[in-house]
Amino acid sequence: MVELLAQTCLNALYAASYMSLVAVGLVLIFGVMGVINFAHGELFMLGAYVVVSLYADLQISFLFAVAVGLVFVGLVGLGMERALFRPLRTNPLGGLVASIGFLMILQALAVMGFGVRMEHVPPVTQQVIAFSDKVHLAMPRLFVIVAAVVLLTALWAFLTKTRFGWALRASAQDPEAAALQGISINQTSRIAMFIGAGLAGVAGALTAPLVSVNPHMGHSVIVTAFIVIIVGGVGSLEGAVVAAVAYSLVHTFVTTFYDGVIADIVGLSLMLLVLIVKPTGLFGTADRA
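Reading the values: rules and limits
Residues numbered from 1 in each chain as written. Predicted model: local features only at pLDDT ≥ 70, side-chain atom pairs only at ≥ 80, totals over all residues. Heavy atoms only, no water. Patch = residues over 30% accessible without salt bridge, like charges linked within 9 Å, V, L, I, M, F, W, Y side chains within 5 Å. Areas by Shrake-Rupley, 256 points an atom, 1.4 Å probe, with all protein chains shown as cover. Salt bridge = Lys/Arg side-chain N within 4 Å of Asp/Glu carboxyl O. Helix = DSSP H or I, 4+ residues; strand = E, 2+ residues; numbered from the N terminus. 1 Å grid on protein atoms, 1.4 Å probe; cavity = no way out; pocket = protein on both sides within 12 Å on 5 of 7 lines; lining within 4 Å. Points joined across faces, edges and corners; volume = space filled by probe spheres on them. Nonpolar A, V, L, I, M, F, W, Y, C, P; charged D, E, K, R; others polar. Core = buried A, V, L, I, M, F, W, Y, C linked by side-chain atoms within 4.5 Å. Buried < 20%, exposed > 50% of the residue type's maximum accessible area, 1.4 Å probe, protein only. Contact = heavy atoms within 4.5 Å. Phe/Tyr/Trp six-rings, centres within 6.5 Å; stacked < 30°, edge-to-face > 60°. Axes fitted to C-alpha atoms, helices over the stretch in contact; angles between N-to-C directions. Parallel < 35°, antiparallel > 145°, perpendicular 65-115°, else oblique. Left-handed = near helix turned anticlockwise from the far one by under 90°. Expected span 1.5 Å × (residues − 1). Bend = angle between axes of the 7 residues up to and from the residue.

A. Seen up close, a nonpolar patch on the surface. On the surface, a cluster of nonpolar side chains totalling about 810 Å² of accessible area is made up of Met1, Leu4, Leu5, Phe257, Tyr258, Val261, Ile262 and Ile265. Secondary structure elements with two or more residues in the nonpolar patch: α1 (2-33) and α11 (260-277). In terms of residues, the nonpolar patch owes the most to one element, α11, which gives three residues. Checked against the element boundaries, Ile262 lands in helix α11.

B. Structural detail: empty space enclosed by the protein. As enumerated under the stated definition, the model contains one cavity of 30 Å³ or more in all. For the largest cavity, the calculated volume is near 40 Å³. If you trace the largest cavity, you find it lined by Met33, Val35, Glu81, Phe85, Arg86, Arg89 and Ser189. In terms of residue class, the lining of the largest cavity is made up of three nonpolar, one polar and three charged.

C. Focus on the nonpolar core. Tyr18, Met19, Leu43, Val51, Met80 and Val213 are the most contacted members of the largest nonpolar core, which has 80 residues in total. The element best represented in this core is α1, accounting for 15 residues. If we skip the residues at most four places from it in the chain, Val213 touches Ala48, Tyr49, Val52, Arg117, Met118, Glu119, Val121 and Ala208.

D. Just the environment of Leu275, in detail. Topologically, Leu275 is positioned in helix α11. For the pair Leu275 and Gly233, spaced 42 residues apart in sequence, the C-alpha to C-alpha distance is 9.5 Å.

E. Representation of the packing of aromatic side chains within the structure. Evaluated as defined, the whole model comprises six aromatic pairs. Taken together, a centroid distance of 4.3 Å and an interplanar angle of 25° make the contact between Tyr49 and Phe114 stacked. Within this pair, whereas Tyr49 is found in helix α2 (residues 40-57), its partner Phe114 is found in helix α4 (residues 92-114), the two being separated by 65 residues in sequence. A single burial state applies to Tyr49 and to Phe114, both of which are buried. Considering the side-chain rings of Tyr55 and Phe62, the 5.3 Å spacing of their centres and the 70° angle between planes classify their relative orientation as edge-to-face. Owing to a relative accessible area of 13%, Tyr55 belongs among the buried residues under this scheme. Relative accessible area serves as the criterion here: at 7%, Phe62 is assigned to the buried category. An aromatic cluster is defined as three or more aromatic residues linked by ring pairs; in this entry it consists of Tyr14, Tyr18 and Phe44.

F. Looking closely at the packing of helix α3 (residues 62-85) against helix α8 (residues 185-207). One can describe the packing of α3 onto α8 by two numbers: an axis separation of 7 Å at closest approach and a directional angle of 140°. What the angle tells us is that α3 and α8 run oblique. Between α3 and α8 lies a crossing whose hand is right-handed. Class assignment of the residues belonging to the contact of α3 with α8 gives a composition of 15 nonpolar, seven polar and two charged.

G. Broad picture of α1. Compared with the 46 Å implied by 1.5 Å per residue over 32 residues, the 45 Å span of α1 between its first and last C-alpha is a close match. For α1, the principal kink sits at Met19 and spans about 25°. Burial analysis of α1 places 24 of its 32 residues in the buried class, which makes it a mostly covered element. Once α1 finishes, Gly34 follows within two positions and takes phi at roughly 70°, a positive value.

Functional significance is not addressed by these values, which are geometric in nature.
This is how it looks when you write it as structure tokens:
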């Protein structure tokens, strides 16, 4: 039983790692731009398909494919900011609808390019870290965990130690006051969108060898991401990370000892419970960031 609990914790840590990347990116976009990006799950899918194209099909280095996934999806995010969200900045509902439309476009493009079948991505390595006979961690999962720690630490340093990071935080807290201080809202929106989309893309790229890559894989990811940011507190980056860990632990344990459907129900129940006790979420405040 102890070994089963330890293995379940390792599985939950892996799930929390990539979900933290997705949720933090979504929170950053909402905090700075005030837009609920329903296409965020499809950006995760897009990163996975970059790895399918470069690593699985063209036999290019996996790390290079992941780097390309981060940059490419980040650039797609820049295009979304300029073509979809900036013209609708004063119309949040319009931005939400536009993101849903773009979601469908990305899904259609994935179906046109790769079909509806599930893509097989070869494992990066067969090596595992064996803690005991029944407790082990596959190296590809370790890569996801390490990458999440490194990227989230780098994001924290960027937001707290650099002028651009301070500008993003100021824009999230009070856009009008930030504009009066000479901060370009367009520039901070571009930065937030590139980083947020890039984090989703790199999460999809890193997990591509470990999940079933298909055009509709973003559905479950975006639902989980919304649960995480609501539990953590809408607009709170720290809350998104803490909630991702808590949700992944609960979901993984329930899946292990019962089944996935019950785990989904428990996850939604957890969100409702938090909203009843603390409507702003665990770390939420009256401000959006």
